[in-house]
Amino acid sequence: MRNSFAPMEGITIYCYRNTHYKYFGEGLDYYYTPFLSIYKHHSIKKRDMREILPENNAEHGISIIPQIMANDADEIIWALHYLQERGYDEINLNMGCPVGTVVSKKKGSGMLQDPDRLYEIFSKVFDDNITDEIKFTVKTRLGLADSHEFENILPVLNKFPFGAVIIHPRIRTQMYKGTPDMDMFRWAYENSKNPVGYNGNIFTPDDYKNIVEKFPNLYEVMMGRGLVANPGLAREIKNGKKMSFEELKGFMTDLQDNYKIEIPADESIMHKMKEIWFYVGNLITKEDGSSAEQLIHKIRTAKNIAEYRNAVRAVYRECIMKTT
Ligand SMILES: Cc1cc2nc3c(=O)[nH]c(=O)nc-3n(C[C@H](O)[C@H](O)[C@H](O)COP(=O)(O)O)c2cc1C
């Protein structure tokens, strides 16, 4: 069973991935890129290109799986060739993004509304020899409005030799809220002809244990928000070593520095860091055992870089890791 860091647009960009890998990489087998949009006439944005350049990835020793967003067979085939030529042997297709502007273009989870069209797309993709040479995987939800839609989607996926079908067992309308539908996930786990991956709501080593005990033949466990909130989670799952406050400080400080490679304006880096603090804040408490909420709030509401730095310093001075 392999463990991976989920694609998270705006968060797990290469600066984040490399910093994470440096501190906590021993717990993970793969990192996904956030989705790379594949445009008609076969192009990728410059910003997305930087997500896959060897100097931003492999040269750091990290194993990357690019994720693409496309709903047209020719575009998918083009992207598979393009990425293979750049050294990638596994590529994932996004069939889960719930955002309105994506779904309205029938991309992301919007692809799930028409299983016949899915069949057409994948027939063409798997007719291309590239799929013999690389592993092509999908990351999907259970449906748009009802989990039972997956009863019509899985049979389509079963017709093709995907490297893996990674399932986030929610429907599009849930976004990232509500409980994953584990009954429907079990049905998929038992009926998929392809290796199955699980993704969703793993926030603690116990959550992970619970999933792998219930589904021992999983091919992959993918973690997203749980890892952003506790960057040391996968390492702790692997060898029991919890992240220390010193490590968290080192990670956050390096992350801020590494963002400078991609993001020129200090102000924009501050916004990124605030977003990360939003997740990480739950991990810590004040030294006297009282809540660190107010200190984190100061970081989140800092109006300028000086205020931000002061707020972060206060957290570093006054906080420790929560023990539970
Ligand atoms: C801010 C944010 C950005 C995301 N970006 C992507 C993305 O680019 N591609 C994708 O397949 N899923 C994306 N997701 C979904 C996550 O990969 C994952 O499926 C979801 O967070 C549920 O898993 P978790 O409970 O482990 O976080 C994103 C989620 C969030 C919260």
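Just so we're clear, the structure is a prediction, and the values are computed from it rather than from any experiment.

Scoring rules and cut-offs
Residues numbered from 1 in each chain as written. Predicted model: local features only at pLDDT ≥ 70, side-chain atom pairs only at ≥ 80, totals over all residues. Heavy atoms only, no water. Helix = DSSP H or I, 4+ residues; strand = E, 2+ residues; numbered from the N terminus. Buried < 20%, exposed > 50% of the residue type's maximum accessible area, 1.4 Å probe, protein only. Contact = heavy atoms within 4.5 Å. Pairing = 2+ DSSP bridges. Axes fitted to C-alpha atoms, helices over the stretch in contact; angles between N-to-C directions. Near = heavy atom within 4 Å. Polar contact = N/O pair within 3.5 Å; in protein donor to acceptor, adjacent residues only side chain to side chain. Areas by Shrake-Rupley, 256 points an atom, 1.4 Å probe, with all protein chains shown as cover. Salt bridge = Lys/Arg side-chain N within 4 Å of Asp/Glu carboxyl O. Right-handed = clockwise from strand over helix to strand, strands pointing away. Core = buried A, V, L, I, M, F, W, Y, C linked by side-chain atoms within 4.5 Å. Domains from an automatic or database assignment. Buried area = accessible area lost by both parts, 1.4 Å probe.

A. Spatial organisation of the overall build of the protein. Counting its secondary structure elements, the protein contains 15 helices and 13 strands. Projecting the C-alpha coordinates of the protein onto the three principal axes gives extents of approximately 60 × 40 × 35 Å. Out of the 324 residues in the protein, the part that is buried amounts to 56%. Nonlocal contacts in the protein, meaning residues at least 24 apart in sequence, comprise 72% of its contacts between residues at least 6 apart.

B. Here's a closer look at the sheet that holds strand β5 (residues 64-65). The mixed open sheet is built from 11 strands, whose spatial order is β4-β3-β6-β7-β8-β9-β10-β11-β1-β2-β5. Both edges of this open sheet fall to β4 (43-44) and β5, since each of them pairs with a single strand only. In this structure, strand β7 (residues 90-95) lies alongside strand β8 (residues 135-140), joined through six bridges in parallel fashion. Bridging across to β8, Glu90 finds its partner in Lys135. In this fold helix α3 (residues 73-85) packs onto β3 (36-39), β4, β6 (67-69), β7 and β8, with an angle of close to 120° to the strand it touches most, β3.

C. Main features of the site of the ligand. Neighbouring the ligand are 18 residues, the closest being Pro7, Glu9, Asn199, Asn201 and Arg225. In the model, a nitrogen atom of the ligand is placed 3.2 Å from a nitrogen or oxygen of the Tyr176 side chain. In the complex, the protein chains occlude 90% of the 610 Å² of accessible area that the ligand would expose alone.

D. Broad picture of the pattern of salt bridges. Following the criterion strictly, the structure yields 16 salt bridges and no others. Between Lys249 and Glu246 there is a salt bridge, with its nearest N and O atoms 3.4 Å apart. A residue pair is termed a helical-turn pair when its members lie 3 or 4 positions apart in one helix, as Lys249 and Glu246 do in helix α12 (residues 245-262) at three residues. On the basis of relative accessibility, which here comes to 22%, the residue Lys249 falls in the partly exposed class. Exposure remark for Glu246: the relative accessible area of 55% places this residue in the exposed category. In this structure, Lys260 and Asp257 form a salt bridge, with 3.3 Å as the shortest nitrogen-oxygen distance. One end of the pair, Lys260, and the other, Asp257, are both in helix α12, three residues apart, so they sit about a helical turn from each other. Among the residues examined, Asp257 registers a relative accessible area of 40% and is labelled partly exposed. What you see here is one network of salt bridges that share partners, running through Arg2, Glu90 and Glu220.

E. How the structure looks around the pairing of strand β11 (residues 220-223). Of the two faces of β11, the one carrying Glu220 and Met222 and the one carrying Val221 and Met223 are both buried. The pairing of strand β1 (residues 2-5) with β11 spans four bridges and is parallel. Considered in β11, the bridge of Ser4 is made with Met222. One ladder, built from three bridges, connects strand β10 (residues 196-199) with β11; its direction is parallel. Residue pairing across strands places Tyr198 opposite Val221, the latter belonging to β11. One crossover worth recording links β10 to the parallel β11 by way of helix α9 (residues 205-214), and it is right-handed.

F. Examining the pairing of β10 more closely. Going residue by residue along β10, you find Val196 and Tyr198 tucked away on one face and Gly197 and Asn199 tucked away on the opposite face as well. The pairing of strand β9 (residues 164-167) with β10 spans three bridges and is classified as parallel. Of the residues in β10, the one forming a bridge with Ile166 is Gly197. Once the chain exits β9 it traverses helix α8 (residues 182-191) before rejoining the sheet at β10, and the crossover so formed is right-handed.

G. Inspection of the nonpolar core at higher detail. Formed by 103 residues in total, the largest nonpolar core has its most connected members in Phe122, Met223, Tyr259, Trp277, Ile284 and Val315. Per-element tally for this core: the top contributor is α3, with eight residues. Not counting residues up to four positions away in its chain, the partners in contact with Trp277 are Met252, Ile284, Ile296, Ile299, Tyr308, Val312, Val315 and Tyr316. Formed by six residues, the second largest nonpolar core is a distinct cluster that contains Tyr32, Ile65, Ala164 and Ile166.

H. Here's a closer look at the domain arrangement of the protein. Per the domain assignment, the segments of the protein are domain 1 (2-239) and domain 2 (245-321). For domain 1 and domain 2, the distance between their C-alpha centres works out to 29 Å. Of the residues lining the interface, 20 residues belong to domain 1; the matching set on domain 2 comes to 16 residues. For the pairing of domain 1 and domain 2, the buried interface totals around 1,600 Å² over both sides, and the portion due to carbon and sulfur atoms is 64%. Put simply, domain 1 and domain 2 have three salt bridges between them. In this structure, the salt-bridge partner of Lys22 is Asp254, at a minimum N-O distance of 2.5 Å. On inspection of domain 1 and its partner domain 2, the count reaches eight residue pairs in polar contact (both at pLDDT 80 or more).

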